[in-house]
Amino acid sequence: MSLSPTGALRHSGNLFAMALDVVRTLPRRPFQVREFIQQAWFVASVTILPTALVSIPFGAVIALQIGSLTRQLGAQSFSGAASVLAVLREASPIVTALLIAGAGGTAICADLGARKIRDEIDAMQVLGIDPIHRLVVPRVLASMVVAVLLNGLVSVVGVAGGYFFNVILQNGTPGAYLASFTTLAQLDDLWAAELKALVFGAIAAIVASYKGLTAQGGPKGVGDAVNQSVVITFMLLFVTNFVMTAVYFQAVPQRG
């Protein structure tokens, strides 16, 4: 990747153009059902266990911090509500995005990068096959679907882990913890988290596909592309998360 300002702008423009090509190619037929199923299964298989394991300490840290804070403020009855709100709104989509980008995105980038340096992508274009339609679109859709499902898994595991650590380690009251679940959280928070996961999955797959299809320089170039895709994806995810959270707070009235 060029370090000059013009090179960075060129790569940013090419990435945005590829994202538009993916959106434009989505309704094109025939849809690659077999490729989509294979990629969805592959992304799920490499991310579901790490996501579940990472979500446990996330939920535990949130529960311990909030439990300690509510005890200092004399508001232990709201510890369950605050924990659920934190896990649902922020922790679950962020954990999902990081695992999708770190595990699924790297695999997608390495696969497409290996095809690129073996000239398979050029051969497909010579045969009149669009790599975006044949390879990228199924991977983007698979990442989006898996991200939405993993977000639900992280929410459940995170809330369960928060309950365990709050009740067992901090001597919280189980009834008060469960009764306060819906005090602050609302159904719109769940839909917002699922939308975040959907967008994060698309971003991770598009960035990984772009870096894979533009890899150069043999196996070393593929390795560099994988590293760059993770860094770029993380930066875009945090910026996108901030923007979506700000828009959500402005659009949805919050419970007091």
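Structural notes, computed from the coordinates.

The rules behind these values
- Residues numbered from 1 in each chain as written.
- Predicted model: local features only at pLDDT ≥ 70, side-chain atom pairs only at ≥ 80, totals over all residues.
- Heavy atoms only, no water.
- Helix = DSSP H or I, 4+ residues; strand = E, 2+ residues; numbered from the N terminus.
- Expected span 1.5 Å × (residues − 1).
- Buried < 20%, exposed > 50% of the residue type's maximum accessible area, 1.4 Å probe, protein only.
- Axes fitted to C-alpha atoms, helices over the stretch in contact; angles between N-to-C directions.
- Left-handed = near helix turned anticlockwise from the far one by under 90°.
- Contact = heavy atoms within 4.5 Å.
- Nonpolar A, V, L, I, M, F, W, Y, C, P; charged D, E, K, R; others polar.
- Phe/Tyr/Trp six-rings, centres within 6.5 Å; stacked < 30°, edge-to-face > 60°.
- Salt bridge = Lys/Arg side-chain N within 4 Å of Asp/Glu carboxyl O.
- Core = buried A, V, L, I, M, F, W, Y, C linked by side-chain atoms within 4.5 Å.
- Polar contact = N/O pair within 3.5 Å; in protein donor to acceptor, adjacent residues only side chain to side chain.
- Patch = residues over 30% accessible without salt bridge, like charges linked within 9 Å, V, L, I, M, F, W, Y side chains within 5 Å.
- Areas by Shrake-Rupley, 256 points an atom, 1.4 Å probe, with all protein chains shown as cover.

The end-to-end C-alpha separation of helix α8 (residues 187-213) is 39 Å, in line with the 39 Å expected for 27 residues at 1.5 Å each. Where burial is concerned, most of α8 is hidden: 20 out of the 27 residues are buried.

Bringing the packing of helix α5 (residues 131-169) against α8 into the picture now. How two helices pack is summed up by the angle between their axes together with the distance between the axes. Look at α5 against α8: their axes get within 8 Å of each other, and the N-to-C directions meet at 145°. By crossing handedness, the relation of α5 to α8 is classed as right-handed. Here I132, V136, R139, V140, S143, M144, A147, V148, N151 and G152 of α5 come into contact with α8, specifically with A193, E194, A197, L198, G201, A202, A205, I206, S209 and L213. Tallied by class, the residues present in the contact of α5 with α8 amount to 13 nonpolar, five polar and two charged.

Counted under the stated rule, the structure contains two aromatic pairs. Both rings, one in F31 and one in F36, keep their centres 6.0 Å apart while their planes meet at 50°; by these two values the pair is tilted. Overall, F31 belongs to the partly exposed group, its relative accessible area being 31%. On the numbers, 6.0 Å between centres and 45° between planes, the contact of Y248 with F249 is tilted. A residue is classified by how much of its surface remains accessible, and F249, at 39% relative accessible area, is partly exposed.

Now for the pattern of salt bridges. Overall, the coordinates contain ten salt bridges when judged by the stated rule. The salt bridge partner of E120 is R118, with a shortest N-O separation of 2.9 Å. According to the relative accessible area criterion, E120 is partly exposed, its value standing at 30%. K220 is the salt-bridge partner of D224, the closest N and O atoms lying 3.0 Å from each other. Separated by four residues within a single helix, D224 and K220 lie in helix α9 (residues 218-251), roughly one turn from each other. The class of D224 is partly exposed, set by a relative accessible area of 31%.

With that settled, the discussion passes to the nonpolar core. Grouped together as the largest cluster of nonpolar side chains are 43 residues, with contacts concentrated most on I100, I132, V136, V140 and L213. Listed by contribution, the elements that provide at least two residues to this core are α1 (5-25), α2 (33-73), α3 (79-117), α4 (120-126), α5, α8 and α9. For this core, the leading source of residues is α8, giving eleven residues. Those residues in contact with I132, other than ones at most four positions away along the chain, are M18, D21, V22, T25, V137 and L213. Formed by six residues, the second largest nonpolar core is a distinct cluster that contains I62, I66, V87 and A91.

Turning our attention to the environment of D189. Its location among the elements puts D189 in helix α8. Taking the C-alpha atoms as reference points, D189 and Y248, separated by 59 residues in sequence, lie 8.9 Å from one another.

On to the environment of D111. The residue D111 is located in helix α3 in this model. Residues D111 and V226, 115 residues apart in the sequence, show an inter-C-alpha distance of 9.9 Å.

Bringing the side chain of S155 into the picture now. Note on placement: S155 falls in helix α5. On the accessibility criterion, S155 (8% relative accessible area) is buried. A polar contact is formed between the side chain of S155 and the side chain of S92, at a distance of 3.4 Å. With residues up to four places along the chain from it excluded, the contact list for S155 reads V87, L88 and S92.

The α-helix advances 3.6 residues per turn, and as a result positions three or four apart in sequence lie on the same side. Taking 1.5 Å as the rise per residue, α5 with 39 residues should run 57 Å; its terminal C-alpha atoms sit 53 Å apart, in good agreement. For α5, the capping residue at the N-terminal end is D130, with a side-chain oxygen 3.2 Å from the backbone nitrogen of I132. Trailing α5 by a residue or two, N171 shows a phi angle of about 55°, which is positive.

To continue, consider a nonpolar patch on the surface. A surface patch of nonpolar side chains, about 370 Å² in accessible area, is lined by I48, L49, L53 and I56. Here I56 lies in helix α2. Judged by its relative accessible area of 36%, I56 is partly exposed.

Any link to function would need more than the numbers given here.
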